[in-house]
Amino acid sequence: MTPEIEAQVTAFVDKALTPATRVIYLVGCGGSLFMFGAMRFLLERSPIPVVALNADEFMLRRPAALGPGSVVIASSTNGGTPETARAVRFAREAGAPVLLVTKDPDSLVAKEAEDVVLHRSVEAKQVLQGLIAYALLRAQGVAGDYDEALAVFRSCSEAFETSVRELDERLRDIAAACVDEPCVYVLGSGPLEGAAQTFAACYLQEMQTKHAVATGSGEFLHGAFEVVDGTVPVIVLLGEDATRPMGARAISFLERYNERNHVIDGASLSLPGVPAHLRATVGSFVMASCVTARLAQHFEAFSGRPLSERRYMWRVEY
């Protein structure tokens with residue numbers, strides 16, 4: 001995260017957020033929407049309501065609060081999502097300030113945006129979204145830890161890299177155990193519910209053409225757990241945030257009634273350079289990026305199907 005990007009984000013927030021702002025929208029599709037999870041959890045400290053919506057749904061529902069009194073943070077990783085391009089245009093035409101998070105400044109979506117902030121990787125995207133969240137919180141006077149948090153984000157590359165090394169053998173074992181299963185369930189709560197959705201929908205369904213189901217750790221016990229027969233492969237993403245008891249409760253059930261449980265616990269990470277009171281925040285961004293991405297790479301190695309392959313996406317009209 002460079003000083004230039006920090007200055008760009010701060011300048012946008014100072015311009016966009018006014019005393020008249022009534023709502024903040026987080027807009028994207030698929031993984032770009034799901035990966036708002038950790039950022040959205042952090043923004044629960046925001047006195048201004050935050051709403052996350054699929055880009056097409058955002059445009060079709062035409063929220064009454066959309067306009068100069070709203071702020072839109074849009075995301076499209078590679079910038080080629082037509083729905084998000086339309087949503088950015090729609091929001092700007094309504095008078096809302098829009099900040100686009102993407103990799104490609106010349107992409108389809110970027111051409112519709114005035115304010116574009118760039119990233120290079122899933123890890124950098126999570127750090128950038130953390131910066132945006134803290135900038136929005138500071139502008140509302142609810143980020144007393146802003147300076148310390150930003151200092152951690154500036155120097156957290158070691159925490160990301162170390163986490164992959166610490167978990168790599170575990171992630172490899174999980175992939176080996178699940179790669180040939182007909183269906184895999186992925187659980188997460190709070191800031192990691194989006195990570196569970198990303199892993200199941202994007203990495204397994206989209207990139208590995210593999211049946212997978214994501215569900216919130218709390219909601220798992222309100223329906224989905226009835227499929228548990230002792231042999232169902234379940235991956236649980238467990239964070240250190242306030243919703244940890246929900247994940248722990250799901251794990252307690254699984255340990256009694258199932259034998260194929262795979263827990264990835266953020267509390268096991270050393271997260272060098274991260275103070276104790278920021279572990280839950282930084283750990284969520286780590287788990288939602290490099291940890292799930294590395295697990296996907298192990299699935300790729302065992303299945304032999306490249307993560308870059310698609311059957312329909314970018315290949316046919318849909």
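Refer to the preceding data block for the structure.
Residues numbered from 1 in each chain as written. Predicted model: local features only at pLDDT ≥ 70, side-chain atom pairs only at ≥ 80, totals over all residues. Heavy atoms only, no water.

A.B. asks: Would you mind going over the pattern of salt bridges in detail, with residue names and values included?
C.D. replies: Overall, the coordinates contain 13 salt bridges when judged by the stated rule. Among the ionic pairs, R279 bridges to E240, the shortest N-O distance being 2.9 Å. Residue R279 is located in helix α11 (residues 279-303), and its partner E240 is located in the loop between β8 (234-238) and α10 (244-257); the two are separated by 39 residues in the primary sequence. Since its relative accessible area comes to 30%, E240 is described here as partly exposed. (Salt bridge = Lys/Arg side-chain N within 4 Å of Asp/Glu carboxyl O. Helix = DSSP H or I, 4+ residues; strand = E, 2+ residues; numbered from the N terminus. Buried < 20%, exposed > 50% of the residue type's maximum accessible area, 1.4 Å probe, protein only.)

A.B. asks: Outline the packing of aromatic side chains, listing residues and values.
C.D. replies: Inspection of every chain in the model, using the stated rule, returns 10 aromatic pairs. An angle of 80 degrees between the planes, with centres 5.8 Å apart, marks the rings of F58 and F90 as edge-to-face. Highlighted residues: F58 in helix α4 (residues 55-61) and F90 in helix α5 (residues 82-93), separated in sequence by 32 residues. Under the relative-accessibility criterion, F58 is labelled buried at 0%. The class of F90 is buried, set by a relative accessible area of 12%. Ring centres of Y134 and F153 lie 6.2 Å apart, and the angle between their planes is 65 degrees; this geometry places the pair in the edge-to-face category. (Phe/Tyr/Trp six-rings, centres within 6.5 Å; stacked < 30°, edge-to-face > 60°.)

A.B. asks: Outline the packing of helix α8 (residues 157-178) against α11, supporting the account with residue identities and numerical values.
C.D. replies: The geometry of α8 relative to α11 is characterised by a closest axis approach of 8 Å and an angle of 40 degrees between their N-to-C directions. Considering their axes alone, α8 and α11 lie oblique with respect to each other. Judged by the twist between their axes, the crossing of α8 over α11 is right-handed. Contacts from F160, S163, V164, L167, D168, L171, R172, I174, A175, A176 and C178 of α8 reach α11 at F285, V286, S289, C290, V291, R294, L295, H298, F299 and F302. Taken together, the residues of the contact of α8 with α11 break down into 15 nonpolar, 3 polar and 3 charged. (Axes fitted to C-alpha atoms, helices over the stretch in contact; angles between N-to-C directions. Parallel < 35°, antiparallel > 145°, perpendicular 65-115°, else oblique. Left-handed = near helix turned anticlockwise from the far one by under 90°. Contact = heavy atoms within 4.5 Å. Nonpolar A, V, L, I, M, F, W, Y, C, P; charged D, E, K, R; others polar.)

A.B. asks: Tell me what's going on with α11, and back it up with residues and numbers.
C.D. replies: Over its 25 residues, α11 runs 33 Å from end to end, which matches the ideal 36 Å to within 8%, given 1.5 Å per residue. With 18 of its 25 residues buried, α11 lies for the most part within the structure. Remark: G304 follows α11 within two positions and exhibits a positive phi of approximately 80 degrees. (Expected span 1.5 Å × (residues − 1).)

A.B. asks: If you had to explain α8 to someone new, which residues and values would you point to?
C.D. replies: Between its terminal C-alpha atoms α8 stretches 29 Å, which fits the 32 Å expected from 22 residues at 1.5 Å a residue. Of all the bends in α8, the greatest measures close to 55 degrees and is centred on D168. Every buried residue of α8 is accounted for by A159, F160, T162, S163, V164, L167, L171, I174, A175 and C178. Check the buried side of α8 and you find it contacts α6 (122-139), β6 (184-188), β8, β9 (261-265) and α11. (Bend = angle between axes of the 7 residues up to and from the residue.)

A.B. asks: Just give me the short version of the packing of α6 against helix α7 (residues 146-154), but keep the residues and values in it.
C.D. replies: Interhelical geometry of α6 versus α7 gives an angle of 170 degrees and a closest axis separation of 11 Å. Judged on the interaxial angle alone, α7 and α6 are roughly antiparallel. Contacts between α6 and α7 involve V127, G130, L131, Y134, A135 and R138 on the former and, on the latter, Y146, A149, L150 and F153. A class-by-class count of the residues in the contact of α6 with α7 yields 8 nonpolar, 1 polar and 1 charged.

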